[in-house]
Amino acid sequence: MTATKPDELAAPLDLLLTSATRPFARRMMPNAVWARFGANLAKQPGAVAGRAGTLVRELGSIAVGRSHRAPDRADKRFSDPAWQGNPLLHRIMQAYLAAAETGDGLLDDAGLDWRDAEKMRFVVDNLVEGLAPTNNPLISPLGWKALIDTGGLSAVRGARAFVRDMLSKPRVPAMVEPDAFAVGETVAITKGAVVAQTSMFELIQYAPQTPTVRSIPLLIVPPVINKFYVLDIAPGRSLIEYFVQQGQQVFVISWRNPQARHRDWGFDAYGSAIIEALDAVQKIAGADSAHLLATCSGGILAAMTASHLAQIGEADRIAGLTLAVTVLDQTRAGFASAVMSERAAQAAIRTSAKKGYLDGRAMAEMFAWLRPTDLVWRYWVNNYVQGRPPAPFDVLFWNADTTRMTAALHRDMVLMGVHNSLVTPGAVSMLGSPVDLSKVTADAYVIGGIADHISPWQATYRSARLLGSKDNQYVLSTSGHIAALVNPPGNPKASYRTGAVDAEDPQEWLDTAQKFNDSWWPHYLAWLAERSGPEVDAPKTLGGEGFPPLGPAPGTYVMEK
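Conventions used here
- Residues numbered from 1 in each chain as written.
- Predicted model: local features only at pLDDT ≥ 70, side-chain atom pairs only at ≥ 80, totals over all residues.
- Heavy atoms only, no water.
- Helix = DSSP H or I, 4+ residues; strand = E, 2+ residues; numbered from the N terminus.
- Buried < 20%, exposed > 50% of the residue type's maximum accessible area, 1.4 Å probe, protein only.
- Contact = heavy atoms within 4.5 Å.
- Areas by Shrake-Rupley, 256 points an atom, 1.4 Å probe, with all protein chains shown as cover.
- Axes fitted to C-alpha atoms, helices over the stretch in contact; angles between N-to-C directions.
- Parallel < 35°, antiparallel > 145°, perpendicular 65-115°, else oblique.
- Nonpolar A, V, L, I, M, F, W, Y, C, P; charged D, E, K, R; others polar.
- Pairing = 2+ DSSP bridges.
- Domains from an automatic or database assignment.
- Expected span 1.5 Å × (residues − 1).

Caption draft 1: Spatial organisation of the overall build of the protein chain. From N to C terminus, the protein chain includes 21 helices and 17 strands. By the burial criterion, 57% of the 561 residues in the protein chain qualify as buried. Considering only contacts within the protein chain whose residues lie at least 6 apart along the sequence, 83% involve residues at least 24 apart. Accessible area for the protein chain stands at about 23600 Å²; split by element, carbon and sulfur atoms hold 55% of it.

Spelled out as structure tokens, the structure:
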């Protein structure tokens, strides 16, 4: 496992909440940052001339067939043999790679401050990726082979798919067919029941699969900008299924997909909902406390709610706090911090206030353009150039099953991010209590992903250090934002590192943390079991007094579009 450059990685949640309100084309248009980029290069004519001269010489070598330039081994765009065997295609590929390297070098030569550099990096990366010859249907060997193999039908299918995708948001190539899976039938199928329903959420209790269960239950708080079932994605890969198979009592909040009439649900409304769910879980399980496992934006809300409970003398209601891919400390956490400003924040807030919500499809579009090679152009080639349907993949189906965010919560999240409020005790409140994360003393288990481009792992590590927990365990998993969580045991490529959050510098922690093979799931379950009390007989029925089963899992709110 190798570390990437600290902090300047990509874009956490705040970018999705601000830039998602602006069309992609506007984010790519020339502006003051472009002007500063040009002015800085003008001050270094020698460096620019050197880059230009090197490129010209390289293009000359390419033209006469003497260049040895080749794509990186990890670059799969040029894997078709035609890019190596066809002299013309080979030269086109080499010329593109040489020009891309020159553009990247000029960005370094400009010596922009980190904010401008991040903004220009976004523009340059998208331009370079978009101009790749592999995306051009006129020269793509994959496109020509598909055209010949299908007798021209691939072009018709590709055009039809392009029109379909561009007529509705998010205006990017579809990563999965809309009917590839069915919620409750092929995904989210672990047995359970809805045992409580409010205007904001449904509470699902999962059926035990062991004769005895641990007495202290687990309540899962999912993100508010995605549906919960990524944690119950499919048999054998479901974290929820794994928990109940190992004797853990599991409950999950399924958030309602809000509409314009719910515009006023903000921090306090969601904090109240978490406490209401916690009340129900404790009553049903007959326990004095419960574990909280919260992910991404749900982790932010859960941490703030835990702080509130500590402030009102009810800290012992939380047996343990688990935060997965959650950023509480936004200090220079990548591209988002570069684009975040009071002006940008207020503009984003005004946009969502007009609608009453932030559209999840706009966030999905922004998310895709953060990784254009993997999430845009790969599917461009497959869907449009080759005229093929995308392969069915349940995680991508979940990713496309977007939700909205209320205007009030969007406002609260954006302002908290731009001011980095959770770092300063009392800078933001939850249910009337000033939030001070150092007051959260429950044992903590914090999980990050080494390749996470939404919640950079260094930021999640720094976030763990904000908690006042005496027993504070940080776990760094392989993979990115979702794959770090959907990580069942048995994957020979998986590994994780773990250790206490004693080091101030994330890199120092990485250098000394203990490394283990396979998934972190068994490690977490053992940590949970130590803090979940004695085993008791598994309940024979779901729900309890005042909480009758209302219907089977995954409930009705998860079906709302």
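Once you've had a look at it, read on.
Caption draft 2: Structural detail: the packing of helix α9 (residues 153–166) against helix α16 (residues 372–385). The N-to-C vectors of α9 and α16 enclose an angle of 125 degrees; their axes lie 7 Å apart at closest approach. Put simply, α9 runs oblique to α16. From α9, S154, G158, A161, F162, D165 and M166 reach across to α16, where they touch W380, N383 and Y384. Looking at the contact of α9 with α16, its residues break down into five nonpolar, three polar and one charged.

Caption draft 3: View of the pairing of strand β1 (residues 192–197). Within β1, five of the six residues are buried, leaving the element largely enclosed by the surrounding structure. Relative to strand β2 (residues 201–206), β1 runs antiparallel, the two being bridged by five bridges. Each residue of the ladder has a partner; that of Q197, found in β2, is E202. Counting the residues in the hairpin turn of β1 and β2 gives three residues. Across two bridges, β1 lies against strand β17 (residues 551–552) in antiparallel orientation. Among the inter-strand pairings, V194 is bridged to a residue of β17, identified as G551.

Caption draft 4: Spotlight on the environment of P539. When you line up the elements, P539 lands in the loop between β16 (535–537) and β17. Ignoring sequence-local partners within four residues, the contact set of P539 consists of Q205, P208 and V213.

Caption draft 5: Seen up close, the sheet that holds strand β7 (residues 318–324). Read from one edge to the other, the open sheet built from eleven strands follows the order β15-β14-β13-β12-β7-β6-β4-β5-β2-β1-β17, with strand pairing classed as mixed. Where the open sheet ends on each side, the last strands, each with one partner, are β15 (514–517) and β17. With four bridges connecting them, β7 and strand β12 (residues 444–449) associate as parallel partners. From the neighbouring strand, A324 faces β12, where its bridge partner is I447. Packed on one face of the sheet, helix α21 (residues 521–530) meets β4 (218–221), β6 (290–295), β7, β12, β13 (472–477) and β14 (495–500) and runs near 165 degrees to β12.

Caption draft 6: Fine view of the domain arrangement of the protein chain. Under the domain assignment used here, the protein chain contains domain 1 (16–135) and domain 2 (195–341 + 402–559). Summarising the inter-unit geometry, the C-alpha centres of domain 1 and domain 2 are found 40 Å apart.

Caption draft 7: Spatial organisation of α16. Over its 14 residues, α16 extends only 16 Å from the first C-alpha to the last, a length that falls short of the 20 Å expected when each residue adds 1.5 Å. Here α16 lies mainly inside the structure; ten of its 14 residues are buried. Of all the positions in α16, only P372, L375, V376, W377, Y379, V381, N382, N383, Y384 and V385 are classed as buried.

Caption draft 8: Examining the packing of helix α12 (residues 297–311) against helix α18 (residues 407–419) more closely. Running from N to C, α12 and α18 cross one another at 80 degrees; their axes reach a closest spacing of 13 Å. Regarding the angle of α12 to α18, the classification is roughly perpendicular. Each of S297, I300, L301 and M304 in α12 lies in contact with α18, whose residues at this interface are L409, M413 and M416. In the contact of α12 with α18, the residues fall into six nonpolar, one polar and no charged.

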